[in-house]
Amino acid sequence: MVKLNRRSLLLQGGAAAAASLSVFPKVTSASVGQATLTTVSDGNLILPGDFIFEPMPQDGLKRVLADFGISHERLTPECNLALYRDGERTVLFDVGSGPDFMPTAGTVLESLNAVGLSPEDVTDVVFTHAHPDHIWGLIDEFDDPLFYNATYRMGRAEWDYWWDPDTVNTIGDARAAFAVGAKRRMEVIEDSVVFFEDGQEILPGIAAVSSPGHTPGHMSFELRNGSDSALVLGDAIGNHHVAFRKPDWISGADQDGDLAAATRAVLFDRIMSEQMQIVGFHLPEGGMGRVDRDAEGYVFLPGAA
């Protein structure tokens, strides 16, 4: 596993920020029945390629990266938060990085403002998992919940993993700061968080879908309204290149690479059989689109349906 921690991420991000400023993708929206699904940007990350690529077969990887025009040395994945509005609730999936993770990320408030929303308008925050770019934006400068009118919801298994005091000692040096940062933010909502389990309808039209591997309790979410459906993936399918072309390859970004690969296989089967729209947190062009097959695997087709 590549040695990647908060300090090395910040140093790399800071050095590259001037040359690779966050670019806001266009707002992408689609209808899910009578509801609206939108992606709002939290900027982008700047990562060393080996964070993902180190465990992969390098000869095959070179061919895949060449096909997609992806650098082996540096990745700049978008961060796209899903926003679901059904007329009664405004549901935000994850909260982004906040100001303390990377200088190119933490822009969700500006993105919400661009679609006419402020923090007080969010009624529910639903977490896919507790990695820094998904949960560190939970608190404001006074260490209070940023989305102060919202009910916060997290899968029980994911909460238990990060809440466990042994996690910081067992997750590995490269991710120990992730555990400390997650616990700090979870303590702020400890007395009010609502837990859920796999398969549970957590809100009307929103069901939890267990998708472990990237983290032990990672959750995706199936949205259904009328005859329409969509799947909010979080990081269960974490990029548009190797994760689609070679979903069985182990990724260094996943805490349990074998389990994450098995999860991707199940998710792709479901997406294809039900022809679902998807939202991926790190997929390009706003993260929303469809999936198709090609001769070598799957392909991401960005854009609202």
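Relevant structure appears above.
Residues numbered from 1 in each chain as written. Predicted model: local features only at pLDDT ≥ 70, side-chain atom pairs only at ≥ 80, totals over all residues. Heavy atoms only, no water.

### Some points on the pattern of salt bridges
Part 1: Tallied over the entire structure, the rule returns 11 salt bridges.
Part 2: One salt bridge connects Arg153 with Asp124, and the closest N-O pair in it is separated by 3.0 Å. Separated by 29 residues along the polypeptide, Arg153 in strand 8 (residues 151-155) and Asp124 in strand 7 (residues 124-126) bring together distant segments of the chain. The burial state of Arg153 is the same as that of Asp124; both residues are buried.
Part 3: Taken together, the shared-partner salt bridges in this structure form one network comprising Glu222, Arg224, Arg270 and Glu274. (Salt bridge = Lys/Arg side-chain N within 4 Å of Asp/Glu carboxyl O. Helix = DSSP H or I, 4+ residues; strand = E, 2+ residues; numbered from the N terminus. Buried < 20%, exposed > 50% of the residue type's maximum accessible area, 1.4 Å probe, protein only.)

### Some points on helix 6 (residues 156-163)
Part 1: Those residues of helix 6 that sit buried are Glu158, Trp159, Tyr161 and Trp162. Buried positions in helix 6, seen along its axis, are confined to an arc of 160° and lie on one side of it.
Part 2: Looking at the buried residues of helix 6, the elements they touch are strand 8, helix 7 (167-170), helix 8 (176-188) and strand 9 (194-196). (Arc of directions from axis to C-beta. Contact = heavy atoms within 4.5 Å.)

### Quick look at the pairing of strand 15 (residues 288-294)
Part 1: Across 2 bridges, strand 14 (residues 277-280) lies against strand 15 in antiparallel orientation. Across the sheet, Val279 pairs through a bridge with Met288, a residue of strand 15. (Pairing = 2+ DSSP bridges.)

### Examining the packing of aromatic side chains
Pairs of aromatic rings are described using the distance from one ring centre to the other and the angle between the two planes.
Part 1: Tallying each qualifying case throughout the model produces 11 aromatic pairs.
Part 2: Between Phe101 and Trp136, the aromatic rings sit 5.4 Å apart at their centres with planes inclined by 75°, giving edge-to-face as the arrangement. Taken together, the positions of Phe101 in the loop between strand 6 (90-93) and helix 4 (108-114) and Trp136 in the loop between helix 5 (132-135) and strand 8 put the pair 35 residues apart, joining distant regions of the chain. Each member of the pair Phe101 and Trp136 is classed as buried.
Part 3: When the centroid spacing of 6.2 Å and the interplanar angle of 15° are considered together, the rings of Phe127 and Tyr152 count as stacked. Of this pair, Phe127 sits in the loop between strand 7 and helix 5 while Tyr152 sits in strand 8, placing them 25 residues apart in sequence.
Part 4: A relative accessible area of 0% places Phe127 in the buried class.
Part 5: On the basis of relative accessible area, Tyr152 is assigned to the buried category, the value being 4%.
Part 6: Connected via pairs of aromatic rings, a cluster forms that spans Phe244, Phe268, Tyr298 and Phe300.
Part 7: Against the face of Trp163 rests Lys183, its NZ or CZ located 4.8 Å from the ring centre. (Phe/Tyr/Trp six-rings, centres within 6.5 Å; stacked < 30°, edge-to-face > 60°. Lys NZ or Arg CZ within 6 Å of the ring centre and 35° of its normal.)

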